[in-house]
Amino acid sequence: MDFHSLYKYVCHLFCLSVQIVWGLDEVTLLNPPEEALPDHRLKILYSCDEPATVQLDCIVSFDTGIISTHLLRQWSCVPGDPKIRTVELNLPDWLVYQADGIVPDSHWVLSCILRASVRYSGFDDTEGSIAAQDVATLQPKPFFSRPVKQHQLCTAWSTQMLQLTQQFLKKQCPLEQETVHLLTSIYASTGESFGITKTLDPYSSVLLEYLRVKAISFPWCLFSIWIFVTRRCQESMCGVLHHIDSNKNFVTPAVFLTNSGQLHIQMNGEAEESSAFLSPFKVPLSEWCQLSVMLHGRTVTVSMVCIDKEQRTVQSTEYLLRHSLRLDDTQGYFVIGGGKYIRGVEGYFGPVVYYRNRISPHSMSEAVIPDVIKNVNLTGWLQTCQEFHLELIVKISGYSLKAEQRAESETCFDALYKWIIKDKLPSNSQCEQWEATVPHRRQAAKLSKLFAFKHGGKRVNLSAVGRALYSLSLHKLGRASSTGMVSRILPLLLQAGCLADNRALRMSSVLYSTGLGVKKQPSKAWLLALLAAQKDDRLALLHLGHLHHHGIQGLPADPDLAYAYYANIAKQTTLDRQSPSAEQTFVEAVYLNNDEVLNLQTNEDHHIFQWLKLQARRGAAEAEQTVARMLFWGQQGVSPNIQEAVRHYERGAVQWEDPVSMYDYGIVLLQGHGVEKDVPKAVTFLKKAMDKGFVPAINALAWYYEQFEQDYKQAVQLWEQADLLESPDAALNLGVVYSQGLYPGKAADQYMAYKYYLKSAERGNIRGALHLADIWTTGLPGYINRHPSDAVLWVKWAAEHNGYLGSVLRKGLDSYLRSDMFSSLLYFMMAAEAGYAAAQFNVAYLCEQNTGSFLDPAFASQCMRRYYNLTIHSQNPDTYAFIRMGDLLYEGLVDGQKDLFSAAEMYKLAALRNDPQGWYNLGLLAEEGYKLPLSALTELGLSELYLAENSSVLSALYKRCRDSEDADSYLPCSLALFNVYLQSFQKHYSATIKLSTAVAVVAAPTIFLIIFGVLRRRALSLS
């Protein structure tokens, strides 16, 4: 046998071996489209070892979680050489066309997979029936990007009628409310320029809209307002309910409360006519009253029903105007309480209802207090507090008299005076009747006595007793090692709250809201939060904004009401930052599971802070900046010390000539923070910083030219220069200049102002965010529509920079670093109930760790579930919360049973943030046999693996885990990946043996020929 014949024999043997091992089952999609297209000609390469069936399927997943498989084509496969078949890809019409009545509508399509397969037994999707398959992912087109199908056939008249009949049978008239509930909850009004903004849309119904438009010049409607006034208006008038049109004018109706307690009603007519009148009756203090303003043509009827316990007072008056009324409720916006142009009433607003096209069927005499007001029981609390006040006043008066008598007894008097008063002096050995008190009020009585004798009989303020009670409560809570003490301390907090200590009200609200050591009472918690918020407590405002933003604890979700609360504290935040104090601390989002950040926390005596001070003395500019910033704002555990911070600013500016320190030093000189104000010196340092290229200094100099020189041309020039360099403050100031018409040579331009406010907010400026939110909550007619949901997010973001929130967070962190877990939990709970995401995470983490078992296990478990759940719904949650929430769902600790689908969703969200634990846990679920949903794989970029073997899915997941940036995850993820490869090798062990045998069969003749050739050449060379 010659060499060529032997080689040909070996090649045939190799091909035969490969066919024996691998067979001939094959299918390949040669030209799949990238998108779901109609009438695509698809080429499929296929072959089979035995008679089989080739099947083409389309697998679609929807946003509802449903997965649908559609059979497109199938045909027979005959053994033999591979074949190519071209088929028309007839995808379902609802997938590729717009719905048009004939083409049906569908749910939102998340993903679409095209699958070609060779099958032997049946047409199911079991692994044994599919011999080979190939898949391709098609990108579904958005609905309005799809073409409209050109129907080729004329539909029969009877068919068209049947289709129309089905459509009419399915359609219903949209529900439209003629009774508009502008407010369904209770709003605590502080008496400032903050209120609830509402707008109304035209009716969708042609008939209702026709009636509304017709009634614009002849209104027939009624406004019902529940109100509880706590204090007379401090200005001439305060806002109750007013309507602002697109020209920023007060229009029908405008209801105000005067400083005398009367209602001021203002209406306008067609030709800019307007009328105003006062009610003959006054709104009483500390009573729930229903105010009604009824419009009927030219007649205006104003009524008031006040309910005090069982007593009901009804008053009403009617006015006939000289001109016709005009009310277009879709123009402009309504405001409940205070607004841009007027301060609000001090007190509380209950439900506000607008009967849009009709009058309420109930008469005023039938008015019933709404359930939401009954459940809160504000009057009950105030009556109890009033009784407590009277009791303490009696005690303080008695103790003051005793203190005066003691002081007099220690003074020399003549014998006649002693003889006159001796019978009037009370005996020290007996208690007076007014000194008796109930057990839970003994501490208040003791403190009253202490203050009375301390001040020598001088008048004692009840608020001082309240502050002392709150301090005593904190002292006792600080010594508590478990929740058992809370129920004994809570009465002290409630009494302090009664005596006008807002901090005590807020803390009591948190305890009732969370159930920490007391029975959970959401209604009582809400009442206490309302009381504190009405007195302008910052964290109580933040808490109520959070409740109404998300609609939790049984309260309605109302973005406009949430905005009213958030806007208040956000405005205070801008003012607080201009007046830094020791009570404020920079807000830092520190997570307790982050050891790296925890190790950076320091204080004045800590080695990190001392090392930074040493580096600053040696001339390290960055260390000087850091030390000054930590001292000025109270960062990283350092207590605020503005005077010391200024000294570091000065050294960095003067000695080290650092532009950042020059700017900071110039600002404190300009504003007089911690140093005497020196404007010329401030300008000198700001100019030096600007010359060194520090952008904020350009903005500060522009502000100087505007405020001190009134040189708007120079100021605008500098602001525009800084704006080009991405300065957030410059964009804000340019927005203000455009808004107020101060730009040289240009008229006021609100839209240009809006664009600058938007830039400023996106660059991180708090005041810019406030201005932007203010525009979004009312809209800019002709330019910007209302965006109340987005406005809420901006003011919430601004509010969460408040220094008083930072102080509470710092106390929680310091307590944690001191291993005082109970105090840490309490402070973090106060911030968590205000909606701060980092605090919510820390509460969940503390409850999960439960160090020293300071919490009841049942409470700890419930607390962990609740706060991890709140954390994952925040804007930027920590991935650890997703992992732990997924674990809880997997273990069945949320609803009492395992929820693998929701657990996979949590792990997916963590994986999308490149958390290796998320990838790893998804792999564990897949190893347990759980088939990951197509929607999850699509979001992870692994949709092509939906129909692949489980080992392929596991390999992809563990590879992503291994290749993440976390070095600690490399080893466990690599071991898991190796285990997948090992199991895959064991599964295909027999095939490997076959392959090894085939290789040996092929290799043996080849090796023989090589050896034979070598020996033959060697023999020839020898011969």
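Since the structure is predicted, the reported quantities are computational estimates derived from the model, not experimental observations. (Residues numbered from 1 in each chain as written. Predicted model: local features only at pLDDT ≥ 70, side-chain atom pairs only at ≥ 80, totals over all residues. Heavy atoms only, no water.)

### Brief notes about the overall build of the protein chain
Part 1 of the argument: Each helix and strand in the protein chain was counted, giving 37 helices and 20 strands.
Part 2 of the argument: For the protein chain, the exposed surface amounts to about 50600 Å²; the carbon and sulfur share of it is 53%. (Helix = DSSP H or I, 4+ residues; strand = E, 2+ residues; numbered from the N terminus. Areas by Shrake-Rupley, 256 points an atom, 1.4 Å probe, with all protein chains shown as cover.)

### Quick look at the state of the cysteines
Part 1 of the argument: Overall, the coordinates contain 6 disulfides when judged by the stated rule.
Part 2 of the argument: Between the sulfur of C233 and that of C238 lies a disulfide, 1.9 Å long from S to S. With the S-S bond torsion at 80°, the cross-link from C233 to C238 turns out right-handed. With respect to class, C233 is no different from C238; both count as buried.
Part 3 of the argument: The disulfide partner of C385 is C498, and the S-S distance across this bridge is 1.8 Å. (Disulfide = S-S within 2.5 Å. Buried < 20%, exposed > 50% of the residue type's maximum accessible area, 1.4 Å probe, protein only.)

### Some details on the packing of aromatic side chains
Part 1 of the argument: For the structure shown, the criterion picks out 30 aromatic pairs.
Part 2 of the argument: Ring plane angle 0° and centroid distance 4.3 Å describe the contact between F223 and Y354, whose orientation is recorded as stacked. Taken together, the positions of F223 in strand β11 (residues 220-231) and Y354 in strand β20 (residues 346-355) put the pair 131 residues apart, joining distant regions of the chain. The exposure classification of F223 matches that of Y354, with both residues buried.
Part 3 of the argument: Ring pairs connect the aromatic residues Y591, F841, Y845, Y868 and Y880, which therefore count as one cluster.
Part 4 of the argument: The positively charged end of R356 is found above the aromatic ring belonging to Y203, 4.4 Å away from the centroid. (Phe/Tyr/Trp six-rings, centres within 6.5 Å; stacked < 30°, edge-to-face > 60°. Lys NZ or Arg CZ within 6 Å of the ring centre and 35° of its normal.)

### Some points on the sheet that holds strand β15 (residues 274-282)
Part 1 of the argument: The 6 strands are arranged β10-β19-β12-β13-β14-β15 in an open sheet whose pairing can be described as antiparallel. Each edge of the open sheet is held by one strand with a lone partner, namely β10 (195-198) and β15. In this sheet, neighbouring strand axes are inclined to one another by 15° on average, regardless of whether the strands run parallel or antiparallel.
Part 2 of the argument: Note that strand β14 (residues 262-268) and β15 share 6 bridges and pair antiparallel. Bridge pairing links N268 to S274 in β15. (Pairing = 2+ DSSP bridges. Axes fitted to C-alpha atoms, helices over the stretch in contact; angles between N-to-C directions.)

### Thoughts on the pattern of salt bridges
Part 1 of the argument: Counted under the stated rule, the structure contains 34 salt bridges.
Part 2 of the argument: For the salt bridge of R810 with E588, the shortest nitrogen-to-oxygen distance reads 3.1 Å. Of this pair, R810 sits in helix α27 (residues 803-817) while E588 sits in the loop between α14 (559-578) and α15 (595-598); the two residues are 222 residues apart in sequence, bridging distant segments of the chain.
Part 3 of the argument: Judged by its relative accessible area of 9%, R810 is buried.
Part 4 of the argument: With its nearest N and O atoms 2.6 Å apart, the salt bridge here joins K796 to E800.
Part 5 of the argument: In this structure E800 comes out as buried when scored by relative accessible area, which is 14%.
Part 6 of the argument: One network of salt bridges, with partners in common, ties together E209, R212, D328, D329 and R356. (Salt bridge = Lys/Arg side-chain N within 4 Å of Asp/Glu carboxyl O.)

### Digging into the sheet that holds strand β1 (residues 26-29)
Part 1 of the argument: In spatial order, the strands read β1-β2-β5; together these 3 strands make up an open sheet with antiparallel pairing. In the strand order of this sheet, the two ends are held by β1 and β5 (83-89), each with one partner. The mean angle between the axes of side-by-side strands here comes to 25°, regardless of whether they run parallel or antiparallel.

### What to know about the pairing of strand β3 (residues 52-62)
Part 1 of the argument: Burial analysis of β3 places 11 of its 11 residues in the buried class, the great majority of the element.
Part 2 of the argument: Of the two faces of β3, the one lined by A52, V54, L56, C58, V60 and F62 and the one lined by T53, Q55, D57, I59 and S61 are each fully buried.
Part 3 of the argument: Note: β3 against strand β4 (residues 67-77), 10 bridges, orientation antiparallel. Of the residues in β4, the one forming a bridge with Q55 is Q74.
Part 4 of the argument: Count of turn residues in the β3/β4 antiparallel hairpin: 4 residues, of which G65 carries a positive phi of about 95°.

### What about the environment of F822?
Part 1 of the argument: Within the fold, F822 resides in helix α28 (residues 821-832).
Part 2 of the argument: On the basis of relative accessibility, which here comes to 2%, the residue F822 falls in the buried class.
Part 3 of the argument: Placed 32 residues apart in sequence, F822 and F854 show a C-alpha to C-alpha distance of 7.2 Å.
Part 4 of the argument: Every residue in contact with F822, bar those within four places of it in the chain, is listed here: L477, A480, S482, T483, V486, L516 and F854. (Contact = heavy atoms within 4.5 Å.)

### A look at helix α4 (residues 206-214)
Part 1 of the argument: Of the residues making up α4, those classed as buried are L208, E209 and R212. Buried residues along α4 cover an arc of 95° about the axis, so they all sit on one side. Across from the buried face of α4, at angles greater than 90 degrees, the exposed residues are V206, L207, Y210 and K214. (Arc of directions from axis to C-beta.)

### As for a nonpolar patch on the surface
Part 1 of the argument: A surface patch of nonpolar side chains, amounting to about 330 Å² of accessible area, comprises L207, Y210 and L211.
Part 2 of the argument: Relative to the helices and strands, L207 is located in helix α4.
Part 3 of the argument: Since its relative accessible area comes to 57%, L207 is described here as exposed. (Patch = residues over 30% accessible without salt bridge, like charges linked within 9 Å, V, L, I, M, F, W, Y side chains within 5 Å.)

### Notes on empty space enclosed by the protein
Part 1 of the argument: Summed over the entire model, instances satisfying the criterion amount to 3 cavities of 30 Å³ or more.
Part 2 of the argument: The calculated volume of the largest cavity comes to roughly 130 Å³.
Part 3 of the argument: Looking at the largest cavity, the residues that line it are D576, R577, P580, S581, Q584, T585, F586, V587, F632, W633, H801 and G803.
Part 4 of the argument: When contributions to the lining of the largest cavity are tallied by element, the ones reaching two or more residues are α14 and α17 (621-633). (1 Å grid on protein atoms, 1.4 Å probe; cavity = no way out; pocket = protein on both sides within 12 Å on 5 of 7 lines; lining within 4 Å. Points joined across faces, edges and corners; volume = space filled by probe spheres on them.)

### Section: the packing of helix α23 (residues 728-739) against helix α24 (residues 750-762)
Part 1 of the argument: Their axes nearest at 8 Å, the elements α23 and α24 cross at an angle of 165°. With respect to α24, the element α23 is oriented roughly antiparallel. You can see that α23 and α24 cross each other, and the crossing is left-handed. Between α23 and α24, the residues in contact are P728, A731, L732, L734, G735, V736, Y738 and S739 and Q750, M752, A753, Y756, Y757, K759 and S760, respectively.
Part 2 of the argument: Here the contact of α23 with α24 is built from residues that sort into 10 nonpolar, 4 polar and 1 charged. (Parallel < 35°, antiparallel > 145°, perpendicular 65-115°, else oblique. Left-handed = near helix turned anticlockwise from the far one by under 90°. Nonpolar A, V, L, I, M, F, W, Y, C, P; charged D, E, K, R; others polar.)

### Overview of the confidence of the model for the protein chain
Part 1 of the argument: With 87% of its residues at a pLDDT of 70 or more, the protein chain has an overall mean of 86.
Part 2 of the argument: The least confident element of the protein chain is helix α1 (residues 3-22), whose mean pLDDT is 43; the most confident is strand β9 (residues 187-190), at 97.
Part 3 of the argument: In the model, residues 1-22 has pLDDT below 50 throughout and makes 18 contacts with residues more than four positions away in sequence or in other chains.
Part 4 of the argument: Segment residues 1019-1023 is flagged for pLDDT under 50; beyond a separation of four residues in sequence, or across chains, it makes 0 contacts in the model. (pLDDT = per-residue confidence, 0-100.)

### Some remarks on the packing of helix α20 (residues 679-691) against helix α21 (residues 695-707)
Part 1 of the argument: One can describe the packing of α20 onto α21 by two numbers: an axis separation of 8 Å at closest approach and a directional angle of 145°. For the pair α20 and α21, the sense of crossing is left-handed. Of the residues in α21, those in contact with V679, V683, L686, K687, A689 and M690 of α20 are A697, I698, A700, L701, Y704 and Y705.
Part 2 of the argument: For the contact of α20 with α21, the residue count by class is 11 nonpolar, no polar and 1 charged.

### So, the environment of E88
Part 1 of the argument: Tracing the backbone through its elements, the reader meets E88 in strand β5.
Part 2 of the argument: On the basis of relative accessible area, E88 is assigned to the partly exposed category, the value being 25%.
Part 3 of the argument: Separated by 45 residues in the primary sequence, E88 and K43 have C-alpha atoms spaced 9.0 Å apart.
Part 4 of the argument: Contacts of E88, omitting those with residues within four sequence positions, involve D39, H40, R41 and R73.
Part 5 of the argument: In this structure the side chain of E88 is engaged in a polar contact, spanning 3.3 Å, whose partner is the side chain of R41. (Polar contact = N/O pair within 3.5 Å; in protein donor to acceptor, adjacent residues only side chain to side chain.)

### Structural notes on the environment of N268
Part 1 of the argument: Within the secondary structure, N268 sits in strand β14.
Part 2 of the argument: By relative accessible area, which is 15% here, N268 ends up buried.
Part 3 of the argument: Taking the C-alpha atoms as reference, N268 lies 9.3 Å from A254; in sequence the two are 14 residues apart.
Part 4 of the argument: Not counting chain neighbours up to four residues away, the residues in contact with N268 comprise V251, T252, E273, S274, H323, S324, L325 and R326.
Part 5 of the argument: Engagement of the side chain of N268 in a polar contact is seen with the side chain of T252, the distance being 2.6 Å.

### What to know about the side chain of H543
Part 1 of the argument: Examined against the element boundaries, H543 turns out to sit in helix α13 (residues 538-550).
Part 2 of the argument: Residue classification places H543 among the buried residues on the basis of a relative accessible area of 7%.
Part 3 of the argument: For H543, the contacting residues outside a window of four places in its chain are S509, A529, E833 and A834.

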